[in-house]
Amino acid sequence: MKVEIATQLASLIEMSIDDVVKLIEVPKNTEHGELAFPCFVLSKILKKNPVQIAKDLSDKISANNFITVPVGPYINFKANRQVLVKDVISEFLADTDKFGSSDFGQGKTIVVDFSSPNIAKPLAFHHIRSTMIGNSLVKMHRNAGYNVVGINHLGDWGTQFGYIIAAFKDCDEEQINNLNLKEIIDAYVGMNKAAKEDSSVEDMARSCFLDLESGHNKARLIWQKCRDLSLAEFERVYRRLGVSFDSNIGEAFFEDKLENLIKQVENAGITNISDGALIVDLEDYGITTPCLLRKSDGATLYATRDLAAACYRYETYKFDKAFYVTDSGQSLHFKQFFSVLDKMQLPFAKNMYHAPFGVLLVWDETTKEWTKGRTRSGQIVLLEDILDEATKRAMDIIQDKRPDLANKSQVAEQIGIGAVVFNDLKHRRIKDVKFSFEDAINFEGETGPYLQYSAARAASVVRKYGKEIKLPENFNALISDSSFEIIKKVSTLPEVSLRACSEGEPYIIANFCLELAALFNSFYAKVHILDNVDVDSLILIPEMVSKALSKGLSMLGVAVPEQM
Ligand code: ARG
């Protein structure tokens, strides 16, 4: 409707369709119709008073899916409910599973770099942010028809591996093969501590890292074991979260590509030497700290590897857009490295996006304060522990309220994890997130379980109906205010998903789900759908709501239990 109005208006006044779209408003009072156009912006150009302009223009605009009414300086557009409802339902029934999906992104490739934890450490609770925001970016773009490559850019390189190698350098091959992750993590922590007291430990670690760099067999073997064990551990958690990647190529992969990369940057004539280090000055980009490519001791950096990875990804995938999902603390790094690409005049430099996010704060029951995910003893909160506890709490609720439910443990896992994930995605990325079990696992607030419950409730009405759902002969029962609001909301799903993609913001979808669920729940409280004379058309309401909520939640990576 908006596009149609904008197209007609644009041809009547001298304005582009895009500019008209930007001016079109949604009236606060629904009695004023679905959309409105303010005419005062035109009075200067047309040299007429806006009330007159509204009258003149509204006579000239016509369509069968809305009516046009001038009200003061506004033109209001009221949907022709019969037409709009018929259009939406016909489209929905034509391909129920595809509703809300599009082929908007056809032929375009998006690369999403997300999760990307450092190996030789367990996944901490805060890793959920990058993991689930990135996962949602992947899903929403796939749903919009893009070809998407999800990349887990593992932090699997760096001087810290020197400590791990030093700890096991006297082991033989068999002993190395039998190591487990806990032994590796403990050794790393132990060596770090020892290095603080004894500087020879640090020297040893440095020389072990050099061994790794030069491809020394045993160093390589220990590193490989550490990577394999870490990845297996991560994958167990990813599986519970329903997350997968198309590539696990991490930083180490780029080691032997860095010399070439550095040459390429040097050839672009943009490097300087400063105190023996190789840098790219970025003052002309308004960035006062230069990008460091190689330290004076020859060591390369995070940024060097990211530059190499970006070039490699462009060569491999020819992406149209690349997202990097990390906390906002890394914003300077991304600004720097994107600017270096731009300074090198690489064709993809303008298509790089950092999707930063805020801090995850956890409620600490004992100290009664929000903390950055550390216990009082300084121990980091593990992601898996949170998932376990959330699942356990969900199970307690099920045992209490629905002891007869089928697949209890599966549903408890879906509710517990869904609660944690939705809590993370329901606000703009950049905002800090507060997590408490009480708020997240609550069936009444703006939570995952509330949405899962709403979707399951709608699905259960449809199940009880038990007949094939057909296009109704008339739409009289579906144009009442409360039905119409729901259908209108459902009809915005395609547009909502595209907006979420273009802004890289899962919360836009989360909001859609919350608004739709609220509309449906108040409808459900008023209307007895199954024993209504118009059940054959009213059944479309729960059917559309359950499908739209499922699609929305699936784009957020929140599972939807069939029953709960
Ligand atoms: N491993 C990094 C960290 O834990 C995140 C990597 C993000 N991706 C990237 N291409 N820099 O902070």
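Below: a short report on this structure.

What follows is about the overall build of the protein. When helices and strands are tallied, the protein shows 23 helices and 13 strands. Taken along its principal axes, the extent of the C-alpha atoms in the protein is 85 × 65 × 45 Å. Across the protein, the fraction of contacts at a sequence separation of at least 24, relative to all contacts at a separation of at least 6, is 72%. If you sum the accessible surface of the protein, you get close to 26,900 Å²; carbon and sulfur atoms cover 49% of it. Between the centroid of the 65 positive side chains of the protein and the centroid of its 77 negative side chains there is a distance of 4 Å.

All residues in the neighbourhood of the ligand are listed as Asp113, Ser116, Asn118, His153, Tyr302, Asp306, Tyr324, Thr326, Gln330 and Phe334. Between the ligand and the protein, one listed contact pairs a nitrogen atom with a side-chain N or O atom of Asp113 at 2.7 Å. Contact distances for the ligand include 2.7 Å between a nitrogen atom and a side-chain N or O atom of Tyr302. Listed by contribution, the elements that provide at least two residues to the shell around the ligand are helix H13 (302–317) and strand S9 (321–327). Tallied by class, the residues present in the shell around the ligand amount to 3 nonpolar, 5 polar and 2 charged.

This part covers the environment of Ala232. If you trace the backbone, Ala232 turns up in helix H11 (residues 217–241). You can call Ala232 partly exposed: its relative accessible area is 45%. Separated by 51 residues in sequence, Ala232 and Leu181 have C-alpha atoms that sit 9.8 Å apart.

Let us look at empty space enclosed by the protein. Throughout the structure, instances matching the rule amount to 1 cavity of 30 Å³ or more. Approximately 30 Å³ is the volume found for the largest cavity. For the largest cavity, the full set of lining residues is Ile151, Ser247, Ile249, Phe254, Tyr312, Arg313 and Tyr317. Ranked by residue count, the leading element in the lining of the largest cavity is H13, at 3 residues.

It is worth spelling out the sheet that holds strand S1 (residues 35–38) at this point. Pairing in this open sheet of 3 strands is antiparallel, and the strands run S1-S3-S2 from one edge to the other. Every other strand in the sheet has two partners, leaving S1 and strand S2 (66–71) as the edge strands with one partner each. The sheet shows a mean angle of 20 degrees between the axes of neighbouring strands, direction not considered. Pairing of S1 with strand S3 (residues 74–79) involves 4 bridges; the strand directions are antiparallel. Each residue of the ladder has a partner; that of Ala36, found in S3, is Asn76.

What the largest pocket holds in volume is close to 1,600 Å³. Lys2, Lys488, Ser491, Thr492 and Glu495 are, among the 40 residues lining the largest pocket, the residues nearest its centre. Elements supplying a minimum of two residues to the lining of the largest pocket: helix H1 (2–12), helix H5 (81–94), helix H19 (481–491), helix H20 (493–503) and helix H21 (507–526). Broken down by element, the residue count for the lining of the largest pocket peaks at 7 residues, all from H20. Residue composition of the lining of the largest pocket, by class: 20 nonpolar, 8 polar and 12 charged. Counted as a void, the second largest pocket has a volume near 1,300 Å³. Looking at the second largest pocket, it is lined by 44 residues, and the ones nearest its centre are Lys121, Ala124, His126, His127 and Ile380. Looking at the lining of the second largest pocket, the elements with two or more residues in it are helix H6 (127–143), helix H9 (181–197), H13 and S9.

With that settled, the discussion passes to the packing of aromatic side chains. Centre-to-centre distance and the angle between the planes together describe a pair of aromatic rings. A full pass over the atoms with the stated rule returns 27 aromatic pairs. Here the aromatic rings of Phe114 and Phe245 are separated by 4.7 Å at their centres, their planes lie at 35 degrees, and the arrangement is tilted. Highlighted residues: Phe114 in the loop between strand S4 (109–113) and H6 and Phe245 in the loop between H11 and helix H12 (258–267), separated in sequence by 131 residues. For Phe114, a relative accessible area of 0% puts it in the buried group. Considering the side-chain rings of Tyr314 and Phe319, the 5.4 Å spacing of their centres and the 85 degrees angle between planes classify their relative orientation as edge-to-face.

Before going further, it helps to examine the environment of Leu181. Tracing the sequence through the fold places Leu181 in helix H9. A sequence separation of 61 residues divides Leu181 from Ala120, and the C-alpha atoms of the two residues are 7.2 Å apart. Those residues in contact with Leu181, other than ones at most four positions away along the chain, are Cys226, Leu229, Ser230 and Glu233.

Even without being glycine, Ser116 reaches a positive phi, approximately 40 degrees. Within the element layout of this structure, Ser116 appears in the loop between S4 and H6. In the Ramachandran plot, Lys368 falls in the positive-phi region, its phi being about 55 degrees despite a non-glycine side chain. With respect to the secondary-structure elements, Lys368 resides in the loop between strand S11 (360–364) and strand S12 (369–371).

Calculation rules
Residues numbered from 1 in each chain as written. Predicted model: local features only at pLDDT ≥ 70, side-chain atom pairs only at ≥ 80, totals over all residues. Heavy atoms only, no water. Helix = DSSP H or I, 4+ residues; strand = E, 2+ residues; numbered from the N terminus. Contact = heavy atoms within 4.5 Å. Areas by Shrake-Rupley, 256 points an atom, 1.4 Å probe, with all protein chains shown as cover. Lys, Arg positive; Asp, Glu negative; His and termini not counted. Charge placed at Lys NZ, Arg CZ, Asp CG, Glu CD. Near = heavy atom within 4 Å. Polar contact = N/O pair within 3.5 Å; in protein donor to acceptor, adjacent residues only side chain to side chain. Nonpolar A, V, L, I, M, F, W, Y, C, P; charged D, E, K, R; others polar. Buried < 20%, exposed > 50% of the residue type's maximum accessible area, 1.4 Å probe, protein only. 1 Å grid on protein atoms, 1.4 Å probe; cavity = no way out; pocket = protein on both sides within 12 Å on 5 of 7 lines; lining within 4 Å. Points joined across faces, edges and corners; volume = space filled by probe spheres on them. Pairing = 2+ DSSP bridges. Axes fitted to C-alpha atoms, helices over the stretch in contact; angles between N-to-C directions. Phe/Tyr/Trp six-rings, centres within 6.5 Å; stacked < 30°, edge-to-face > 60°.

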